[in-house]
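Architecture and fold: a report
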Amino acid sequence: MKNNPNQKNSLKHVLFGSLIGTTIEFFDFYIYANAAVLVFPQLFFPGSDATMATLESLATFSIAFLSRPLGSAFFGHYGDKIGRKFTLVAALLTMGISTVTIGFLPGYASIGVAAPLLLMLCRFGQGVGLGGEWGGAVLLAIENAPPHKRAWYGMFPQLGAPIGLLLSGGTFLLLTDSMSNEDFMNYGWRIPFIASSLLVIVGFYIRTKITETPSFENSKKAHEEVKVPFLTLVKSYKNQLIFGTLGAVTTFLVFYLMTVFTLSWITSDLGYVKRDALLIQLFSVLFFALFIPISALVADKIGRRKILIFTTIAIAVFGFFFSLFLNSGSPFLVTAFVCIGMSLMGFTYGPLGTFLSELFPTTVRYSGASLTFNLAGILGAAFAPMIAIWLASTYGLNYVGFYLTIAAIISLVSFLVISKKVHQF
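Residues numbered from 1 in each chain as written. Predicted model: local features only at pLDDT ≥ 70, side-chain atom pairs only at ≥ 80, totals over all residues. Heavy atoms only, no water.

1. Here we look at the overall build of the protein chain
Within the protein chain, the secondary structure is distributed over 20 helices and zero strands. Since a compact globule built from 425 residues should have a radius of gyration of about 22 Å, the 20 Å found for the protein chain is in line with a globular shape. Overall size of the protein chain, expressed as C-alpha extent along the three principal axes, is 60 × 45 × 40 Å. When burial is assessed residue by residue, the protein chain has 61% of its 425 residues classed as buried. Taking all contacts inside the protein chain whose residues are at least 6 apart in sequence as the whole, residues at least 24 apart take part in 85%. Of the accessible surface of the protein chain, which amounts to about 15900 Å², a share of 70% is contributed by carbon and sulfur atoms. Distance between charge centroids for the protein chain: 14 Å, based on 27 positive and 18 negative side chains. (Helix = DSSP H or I, 4+ residues; strand = E, 2+ residues; numbered from the N terminus. Rg over C-alpha atoms; globule rule 2.2 N^0.38 Å. Buried < 20%, exposed > 50% of the residue type's maximum accessible area, 1.4 Å probe, protein only. Contact = heavy atoms within 4.5 Å. Areas by Shrake-Rupley, 256 points an atom, 1.4 Å probe, with all protein chains shown as cover. Lys, Arg positive; Asp, Glu negative; His and termini not counted. Charge placed at Lys NZ, Arg CZ, Asp CG, Glu CD.)

2. Thoughts on the nonpolar core
Counting residues in each nonpolar core, the largest one holds 128 residues, and the members touching the most others are Phe 40, Tyr 256 and Phe 261. Residues in contact with Tyr 256, not counting those within four places in the same chain, are Phe 29, Tyr 30, Phe 61, Phe 65, Phe 261 and Ala 381. By size, the runner-up hydrophobic cluster in this structure holds five residues, among which are Ile 20, Ile 24, Val 200 and Ile 206. (Core = buried A, V, L, I, M, F, W, Y, C linked by side-chain atoms within 4.5 Å.)

3. Re the pattern of salt bridges
Pairs can form between side chains of opposite charge once their charged atoms are near each other. Within the structure shown, the criterion is met by seven salt bridges. The closest approach of N and O atoms between Arg 84 and Glu 143, which form a salt bridge, is 2.8 Å. Of this pair, Arg 84 sits in helix α4 (residues 84-102) while Glu 143 sits in the loop between α6 (114-142) and α7 (150-178), placing them 59 residues apart in sequence. Side by side, Arg 84 and Glu 143 carry an identical accessibility label, which is buried. Asp 300 is the salt-bridge partner of Arg 304, the closest N and O atoms lying 3.0 Å from each other. Connected through shared salt-bridge partners, Asp 80, Arg 84, Glu 143 and Arg 365 make up one network. (Salt bridge = Lys/Arg side-chain N within 4 Å of Asp/Glu carboxyl O.)

4. Description of α4
With 19 residues, α4 should cover 27 Å at 1.5 Å per step; its first-to-last C-alpha distance of 28 Å lies within 8% of that length. Taken residue by residue, α4 has Arg 84, Thr 87, Leu 88, Val 89, Ala 91, Leu 92, Met 95, Gly 96, Ser 98, Thr 99, Val 100 and Ile 102 as its buried positions. (Expected span 1.5 Å × (residues − 1).)

5. Looking at the packing of aromatic side chains
With the rule as written, the count across this model stands at 34 aromatic pairs. Where Phe 44 meets Trp 189, the ring centres are 6.4 Å apart and the plane angle is 80°; that geometry is what we call edge-to-face. Remark: Trp 189 occurs in the loop between α8 (181-188) and α9 (190-208) and Phe 44 occurs in helix α2 (residues 40-44); sequence separation between them is 145 residues. Each member of the pair, Phe 44 as well as Trp 189, is classed as buried. Cation over ring: Arg 123 sits above Tyr 32, and NZ or CZ is 4.2 Å from the ring centre. (Phe/Tyr/Trp six-rings, centres within 6.5 Å; stacked < 30°, edge-to-face > 60°. Lys NZ or Arg CZ within 6 Å of the ring centre and 35° of its normal.)

6. With respect to the environment of Leu 241
With respect to the secondary-structure elements, Leu 241 resides in helix α12 (residues 238-268). Placed 87 residues apart in sequence, Leu 241 and Gly 154 show a C-alpha to C-alpha distance of 19 Å. Here Leu 241 is in contact with Phe 360, Gly 368, Leu 371 and Thr 372, once residues within four sequence places are set aside.

7. Some words on the packing of helix α13 (residues 274-302) against helix α14 (residues 304-318)
As a packed pair, α13 and α14 sit with axes 7 Å apart at the nearest point and diverge in direction by 125°. As the angle between them shows, α13 and α14 are arranged oblique. Contacts between α13 and α14 involve Ser 295, Val 298, Ala 299, Asp 300 and Ile 302 from the former and Arg 304, Lys 306, Ile 307 and Phe 310 from the latter. The residue inventory of the contact of α13 with α14, partitioned by class, reads five nonpolar, one polar and three charged. (Axes fitted to C-alpha atoms, helices over the stretch in contact; angles between N-to-C directions. Parallel < 35°, antiparallel > 145°, perpendicular 65-115°, else oblique. Nonpolar A, V, L, I, M, F, W, Y, C, P; charged D, E, K, R; others polar.)

8. Remarks on the confidence of the model for the protein chain
Interpreting fine coordinate detail is not advised for predicted regions of low pLDDT. Across the protein chain, the average pLDDT comes to 88, with 97% of residues at or above 70. When the criterion is pLDDT under 50, residues 1-7 qualifies, and its contacts beyond four places in sequence or with other chains add up to 15 contacts. (pLDDT = per-residue confidence, 0-100.)

9. Brief notes about the environment of Ser 411
Tracing the backbone through its elements, the reader meets Ser 411 in helix α20 (residues 397-417). Relative accessible area serves as the criterion here: at 0%, Ser 411 is assigned to the buried category. Through-space distance from the C-alpha of Ser 411 to that of Gly 244 is 8.7 Å; in sequence the pair is 167 residues apart. Separated by 2.8 Å, the side chain of Ser 411 and the backbone oxygen of Leu 246 make a polar contact. (Polar contact = N/O pair within 3.5 Å; in protein donor to acceptor, adjacent residues only side chain to side chain.)

10. Considerations on the environment of Thr 87
Mapped onto the elements, Thr 87 comes out in helix α4. Judged by its relative accessible area of 1%, Thr 87 falls in the buried class. Taking the C-alpha atoms as reference, Thr 87 lies 7.5 Å from Gly 132; in sequence the two are 45 residues apart. Those residues within four positions of Thr 87 in sequence are excluded, and the remaining contacts are Phe 75, Tyr 78, Gly 79 and Tyr 366. Of the polar contacts made by the side chain of Thr 87, one reaches the backbone oxygen of Gly 83; its length is 2.8 Å.

Next up, the structure:
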């Protein structure tokens, strides 16, 4: 790979700087997801029955998705106005501080209702930080990329998701294997939250070594900046904002059905022990990670939009096999089911960041890409685990699959009708 002629950042700093930040952010995000299923129902919501405690815990999980668009609007504004670098550092610190604080929170038994309230506040902070992090990391990569390798560069921050998931799942697996359940519930679960501070320090150091992207600097020199990026988005880019959001919904839904919902369902209703469930999840993440670069290579050949359309059709078909696999009673088929789902996730997630970023010009790109991605998170993920558990408990697993298929059809239509205008980088 050759560097962009206008590029001031080295290729190493660009790709590692975008990858390390999203890895940290998603590690922080996913350790909460694991704890929301395995720990928080007992520690923060002990007064409810098991199912209700899980639903209440997953409700706090959804808070971050509601706060992510706020982070997108706030950090996106400053990312488009004063630069990508400063904004990325601020978003990283916001996420990191919120996560470390969770590791020190007392439980319900110690401070009563204040415990879940403080947990919700920290989760809100996680969402704000990730809302600002993702868009900036993607722009750091693609605004330094040659035009013919934009999807390839843009997939590096996307790789932070499976790496963060592997680290978080692996950490929880190691802890549950090396200590008793009592010790894990008392203090062991806190270790990954507190230890994430070390990753934040590394990410902070890397981010301070990066200069502004050529696209942003060229835009500033040409005096193209807009006064309020969010208002410009709503006024001039409604089509991209609405259909970009709906297009990305299925990406979120398939991921959280394969992770949070599946982890909860197979441990609580199918009788799998936590260790086996975590092993299945970790194994499936390898397929997620593998197909991200493959999808990026294909996207640079045939186009981002085309590969997203083909993958969304495949996800719609996959939804019809939900019950067949999960109700099979076979650990092999359950594992195969999760691996297929995560492979499809890799195919849709790999080029998604590049696709969403290309919908907007430089002056509103940070705000536009971040908002579409994180608004999709509200629609596709914020309440997805709770809705899926309710559907499965009330009507059966078939309806969870139908839920995914309907979402995929909505995304497919959005990809077909979205504006194809190409903006200058």
